[in-house]
Amino acid sequence: MNLDDIYRETILDHNQSPRNYGHLEHPTKSVGLLNPTCGDQIQLELAINEGRIQDIRFSGQGCSISMASASMLTEAIKGKTIDEALALTSNFKNFVTGGQSSVSLGDLEALHGVSQFPSRVKCATLAHNALEKAMTDSAT
Ligand code: FES
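Now for a look at the structure at hand. (Residues numbered from 1 in each chain as written. Predicted model: local features only at pLDDT ≥ 70, side-chain atom pairs only at ≥ 80, totals over all residues. Heavy atoms only, no water.)

Some thoughts on the pattern of salt bridges
Part 1: In this structure the tally under the stated criterion is 6 salt bridges.
Part 2: For R8, the salt bridge goes to D5, with nearest N and O atoms at 2.8 Å. Placement of the pair is R8 and D5 together in helix α1 (residues 3-16), with a separation of 3 residues, close to one helical turn.
Part 3: Using a relative accessible area of 53% as the deciding quantity, one classes R8 as exposed.
Part 4: For D5, a relative accessible area of 26% corresponds to the partly exposed category.
Part 5: Between K78 and D55 there is a salt bridge; the shortest N-O distance is 3.4 Å. One end of the pair, K78, is in the loop between α2 (64-77) and α3 (82-95); the other, D55, is in strand β3 (residues 52-61), and 23 residues separate them in sequence. (Salt bridge = Lys/Arg side-chain N within 4 Å of Asp/Glu carboxyl O. Helix = DSSP H or I, 4+ residues; strand = E, 2+ residues; numbered from the N terminus. Buried < 20%, exposed > 50% of the residue type's maximum accessible area, 1.4 Å probe, protein only.)

As structure tokens, then:
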């Protein structure tokens, strides 16, 4: 099995068994974001306590890349501070547009191939943009 196969398996695994899919009973933040190019939408619910993401769920409809990326993101940021989570999304966005990441991205590294397909970058970053929106949108 080469590295590309491992990446493919990782994406497939998150699609078949999405982590943290569903709803929180008492979210402190909830945000939805639409990918205008395809109409797919993702919803994030977060339970934040003293600046730390205690719990997170996602739901919605999307292509396999957007769903896998959301699953990987929730797994990567659960238990992290808001600043750490935002640093991760910013590094991931850099990573999928051909740049380097200065933080460990965990399973999200499996999406590196997206950088060769600019039209799929919006899929891979949908959940990440939703997280940024949740953190900057005081109305949520
Ligand atoms: Fe809609 Fe990927 S095609 S999010």
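Re the environment of L34
Part 1: Structurally, the position occupied by L34 is in strand β1 (residues 29-34).
Part 2: Through-space distance from the C-alpha of L34 to that of G99 is 25 Å; in sequence the pair is 65 residues apart.
Part 3: In this structure L34 touches G39, D40, Q41 and L126, once residues within four positions along its chain are discounted. (Contact = heavy atoms within 4.5 Å.)

Section: the packing of α2 against helix α4 (residues 118-136)
Part 1: Remark: α2 packs on α4, axes separated minimally by 8 Å, with the N-to-C direction vectors making an angle of 35°. Both α2 and α4 take part in a crossing whose hand is right-handed. From α2, I65, S66, S69, A70, L73 and I77 reach across to α4, where they touch R120, C123, A124, L126, A127, H128 and L131.
Part 2: Here the residues of the contact of α2 with α4 sort into 9 nonpolar, 3 polar and 1 charged. (Axes fitted to C-alpha atoms, helices over the stretch in contact; angles between N-to-C directions. Left-handed = near helix turned anticlockwise from the far one by under 90°. Nonpolar A, V, L, I, M, F, W, Y, C, P; charged D, E, K, R; others polar.)

A few points about the sheet that holds β3
Part 1: Sheet architecture is open: 3 strands sit in the order β1-β2-β3, paired in antiparallel fashion. Looking along the sheet, the strands with just one partner apiece sit at the ends: β1 and β3. Between one strand axis and the next, the sheet turns through 20° on average, direction left out of account.
Part 2: The pairing of β1 with strand β2 (residues 41-49) spans 6 bridges and is antiparallel. Paired with G32 across the strands is Q43, a residue of β2. (Pairing = 2+ DSSP bridges.)

Considerations on the environment of K78
Part 1: The exposure class assigned to K78 is partly exposed, which follows from its relative accessible area of 36%.
Part 2: Along the primary structure K78 and I56 are separated by 22 residues, whereas in three dimensions their C-alpha atoms are 6.5 Å apart.
Part 3: When residues no more than four places from it in sequence are discounted, the contact partners of K78 are N20, I53, Q54, D55, I56 and R57.

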